[in-house]
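Per-entry structural report
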Amino acid sequence: MALAAAFLLFLLAAPSVFATNYPVVWDLTTNYSSWATRPLIAGDTLTFSYSSGSHNVEVVNKNAYDSCSSSNALQTHTGGTNIITLAEGPTYFICGFPTHCTNGMKLQITARASSSTPSSTNTTGSTPAAGSTGAAGLSSVTPLMFGFPLVLFALTS
Ligand SMILES: [Cu+2]
């Protein structure tokens with residue numbers, strides 16, 4: 001049991017170092033509804049690929065996503081290949097070409113918080129030093145938070 005608990009602690013303490021890239025074939029025949037439940041993490045990237053001049057990628061708010069409105073797009077990407085880094089929380093993508101969004105070119109994702117900051121994952125992420133600040137300091141607290149119930153479980157089983 002002690003070994004298993006230690007292993008669990010190791011898993012929980014290990015920060016996710018690697019961002020993942022997800023290719024998105026951006027066209028009128030792909031169903032994007034399954035993206036809403038994918039386990040995406042802030043810092044992951046989506047690479048949209050499409051025929052330049054036939055589509056674009058617009059980042060919009062939820063209302064614009066629901067109504068397929070391009071009039072207040074937060075970002076507009078063109079050119080056929082766009083790599084978009086995900087921020088924490090929901091992001092809504094639509095195609096701004098007429099009727100494309102209403103015909104299904106709309107993609108909603110939600111990224112959960114990364115356990116470490118992307119800029120410092122390799123230097124401080126794997127061994128958070130005591131007394132460090134910011135995200136690394138938080139992640140060094142996490143094993144304690146998860147470890148306590150594990151210890152209780154070990155004592156009572
Ligand atoms: Cu389109």
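The structure we're discussing is the one just above.
Summary of the structure given here. Keep in mind that what you see is a predicted model, and the values were worked out from it rather than measured.

When you go through the chain residue by residue, the secondary structure sums to 4 helices and 8 strands. Ordered by position from N to C terminus, the α and β elements of the chain give α-β-β-β-β-α-β-β-β-β-α-α. A total of 157 residues make up the chain; the buried ones form 24% of that total. Taking contacts inside the chain between residues at least 6 apart in sequence as the whole, the part at least 24 apart equals 70%.

This brings us to the pairing of strand 4 (residues 57–60). Alignment of strand 4 against strand 5 (residues 75–77), held across 3 bridges, turns out to be antiparallel. Its bridge partner being in strand 5, Glu-58 is matched across the sheet by Thr-76. Pairing analysis gives 3 bridges linking strand 4 to strand 7 (residues 89–94), with the strands arranged antiparallel. Bridging from a neighbouring strand, Val-59 pairs with Phe-93 of strand 7.

Read from one edge to the other, the open sheet built from 5 strands follows the order 2-8-7-4-5, with strand pairing classed as mixed. On the outer flanks of this sheet lie strand 2 (40–41) and strand 5, each paired with one strand and no other. In this sheet, strand 8 (residues 106–112) lies alongside strand 2 in parallel orientation, the contact comprising 2 bridges. Paired with Leu-40 across the two strands is Ala-111, which belongs to strand 8.

This part is about the environment of Cys-68. Residue placement: Cys-68 occurs in the loop between helix 2 (62–67) and strand 5. Sequence separation between Cys-68 and Thr-99 is 31 residues; the distance between their C-alpha atoms is 8.6 Å. Filtering out sequence-adjacent residues up to four positions away, Cys-68 remains in contact with Ile-94, Cys-101, Thr-102 and Lys-106.

Taken together, 3 strands build an open sheet; the order of strands is 1-3-6 and the sheet is mixed. The outermost strands of the open sheet, each flanked by one partner alone, are strand 1 (21–25) and strand 6 (81–85). Each strand of the sheet is rotated relative to its neighbour by a mean of 20°, with strand direction disregarded. The pairing of strand 1 with strand 3 (residues 45–49) spans 5 bridges and is parallel. Each bridged residue has a counterpart across the sheet, and for Val-25 the counterpart in strand 3 is Ser-49.

Side chains of nonpolar character tend, in soluble globular proteins, to be buried together. Membership of the largest hydrophobic core comes to 17 residues, with the highest contact counts inside it found for Trp-26, Phe-48, Ile-94, Cys-95 and Met-105. The set of elements that each furnish at least two residues to this core consists of strand 3, strand 4, helix 2, strand 7 and strand 8. Sorting elements by how many residues they give to this core places strand 8 first, with 3 residues. Residues contacting Cys-95, with those up to four places away along its chain left out, are Trp-26, His-55, Asn-56, His-100, Cys-101 and Met-105.

So, on to the environment of Tyr-65. Mapped onto the elements, Tyr-65 comes out in helix 2. When residues no more than four places from it in sequence are discounted, the contact partners of Tyr-65 are Val-60, Tyr-92, Ile-94, Lys-106 and Gln-108.

Reading the values: rules and limits
- Just so you know, the residues in each chain are numbered from 1, in the order the chain's sequence is written.
- Totals for whole chains, interfaces and linings use all residues, but because this is a predicted model, local features are given only for residues with pLDDT of at least 70 and pairs of side-chain atoms are given and counted only at 80 or more.
- Strands are runs of DSSP state E lasting at least two residues, helices are runs of H or I lasting at least four, and both sets are numbered from the N terminus onward.
- In this scheme every C-beta is placed from the backbone, and a residue whose C-beta has 20 or more other C-beta atoms within 10 Å is buried, one with 12 or fewer is exposed, and one in between is partly exposed.
- Think of it this way: build a C-beta for each residue from its backbone, and any pair within 7 Å is a contact.
- Here, any two strands with at least 2 DSSP bridges between them count as paired.
- Angles run from 0 to 180 degrees between N-to-C directions of axes, and those axes are lines fitted to C-alpha atoms, restricted for helices to the stretch in contact.
- Think of a nonpolar core as buried Ala, Val, Leu, Ile, Met, Phe, Trp, Tyr and Cys residues chained together by C-beta atoms that fall within 7 Å.

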